[in-house]
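Listed below are the residues making up each chain.
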Amino acid sequence: MSKVADALPQLTRWGISPDADLVYRALTMLGARTEGQLAHELGLARKRVHTALDELRTLSGAAPTNAGGVWRHQPIEQVIAQLRRPRRTRAVSKQDIWRQHFATVHGIELPHYDSPLARRWENRAVTRQRVARLVAAERYEHLAINTEVITATASAAAMPLDRNQLDRGVKVRVLYRPPVDGDLSTDHAALAADTDRSRTLIEPPIKLQVYDRRIALFPVDPLNFEAGYVESADSTAVQQLCALFEELWAQAHRPRHEGRPTITLTPREQALVALLAAGHTDASAAEELRLSLRTVAYTIRNLMDRLGVENRFQLAVLLGASGTAPLPPTYQPDQPNQRTEENEQ
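About the cut-offs
- Per chain, residue numbering runs from 1 following the sequence as it is written.
- For this predicted model, a pLDDT threshold of at least 70 governs which residues receive local features, and a threshold of 80 or more governs which side-chain atom pairs are given and counted, while totals over whole chains, interfaces and linings are taken from all residues.
- Side-chain measures here rest on the full set of heavy atoms in the structure, leaving out hydrogens and waters.
- In DSSP terms, a helix is any run of H or I states spanning at least four residues, a strand is any run of E spanning at least two, and both are numbered starting from the N terminus.
- Exposed residues in this analysis have more than 50% of their type's maximum accessible area, buried residues have under 20%, and partly exposed residues fall in between, with area computed by a 1.4 Å probe over protein chains only.
- In what follows, salt bridge is the name for a side-chain nitrogen of Lys or Arg lying within 4 Å of a carboxyl oxygen of Asp or Glu.
- Centres within 6.5 Å are what make two rings of Phe, Tyr or Trp a pair, Trp counting through its six-membered ring; a difference in plane orientation under 30 degrees is then read as stacked, over 60 as edge-to-face, and the rest as tilted.
- Here, a charge over a ring is recorded when the distance from Lys NZ or Arg CZ to the ring centre is within 6 Å and its angle to the ring normal is within 35 degrees.

**Structural notes on unusual backbone geometry**
Peptide bonds are mostly trans, and most non-glycine residues show a negative phi. Even without being glycine, Ser60 reaches a positive phi, approximately 60°. Structurally, Ser60 is set in the loop between helix H3 (46-58) and strand S1 (62-64). Classification of Ser60 as partly exposed rests on a relative accessible area of 28%. In this structure, Arg213 takes a positive phi of about 55° despite not being glycine. Its place among the elements puts Arg213 in the loop between strand S7 (208-211) and strand S8 (215-219).

**A few points about the pattern of salt bridges**
The tally for this structure, following the rule as stated, stands at 14 salt bridges. Between Arg57 and Asp54 there is a salt bridge, with its nearest N and O atoms 3.6 Å apart. Highlighted residues: Arg57 and Asp54, both in helix H3, separated by three residues, approximately one helical turn. Note that Asp282 and Arg312 form a salt bridge whose closest N and O atoms lie 2.7 Å from each other. Within this pair, whereas Asp282 is found in helix H11 (residues 282-289), its partner Arg312 is found in helix H13 (residues 312-322), the two being separated by 30 residues in sequence. Residue classification places Arg312 among the buried positions, given a relative accessible area of 18%. Via salt bridges that share partners, Glu141, Arg173, Arg213 and Glu246 belong to a single interconnected network.

**Overview of the environment of Ala45**
Along the chain, Ala45 falls in the loop between helix H2 (35-42) and H3. Given a relative accessible area of 5%, Ala45 falls into the buried group. Sequence-wise, Ala45 and Glu35 are ten residues apart; in three dimensions their C-alpha atoms are separated by 9.9 Å.

**Some words on the packing of aromatic side chains**
Per the counting criterion, the structure on display carries two aromatic pairs. A ring pair is formed by Phe245 and Trp249, whose centres lie 5.7 Å apart and whose planes are at 20°; its orientation type is stacked. Of this pair, Phe245 and Trp249 both sit in helix H8 (residues 235-251), four residues apart, roughly one helical turn. Trp249 carries the same exposure label as Phe245, and that label is buried. Arg173 extends its terminal NZ or CZ atom over the ring of Trp249, reaching a point 5.1 Å from the ring centre. Above the face of the Phe225 ring, Lys207 is positioned so that its terminal group lies 5.2 Å from the ring centre.

In structure tokens, the structure reads:
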């Protein structure tokens, strides 16, 4: 089994199933295989392997050869190009954006413009200064709806704010449009991959910020953010906007659930995986690291659960193909497949 020169990106980033992602990695790392061989080596039911191969064939990720049902992977560049093709979605007109925004606002009991519970910020620059003060004063929750597609540049710019809020224990939830290329890994909630902080919505009806469920902020003109923002501290209006957010949140998709986060290992996991990849047994790795055998077993089990794999062979394939750890030259499943009958179904 050879180590690939470049790490393979996780196909789950584009919504591909975990089984198809794993089978693609196995074909890349192990070479051409039949359905039966893949089922045995990965410890998957044959029906699951068959479904995964069908999925890969649809996106030009794998193809059968003429030799007895043997499957080969296609180049990763070809697969990514196929996945990154812009999704066919209904074009949203300016009129639709305008209509959705004002339909939402008109359904909310906003205070009168001269009420002390309502404020108007005249342009985007002044609003940003106000936002900085509101964020600094937040104590427990921040809700946001973004009607724009979040780009990598915008994501990087939002990182310091995300970090500040996380450090202060503020719970952040963000709704935003999905990326055009379908890559589910570029959301700006990447700082907390183990939490459910962001979801995608095809047509968010309004751009909105809510601070500690006390203050809401949204643009005056949904087509021109430079025209200023409206701030409301009216409890009834804010409560209605929070209810709208929760309704949309329940309808939205979870990109961090559908696309696996980047694989990161703790120092202990890194040391243990490196020893096992070099051919150590659990016992010899435990002795080398001065750990108990139980701790080694727990560490591996925890890593498998976190990465969503079902056995050590799957773990080896996933880590090896991702470039996180080298694969041993003669790595085999721990035991013969215990679900032989199921695999043959």
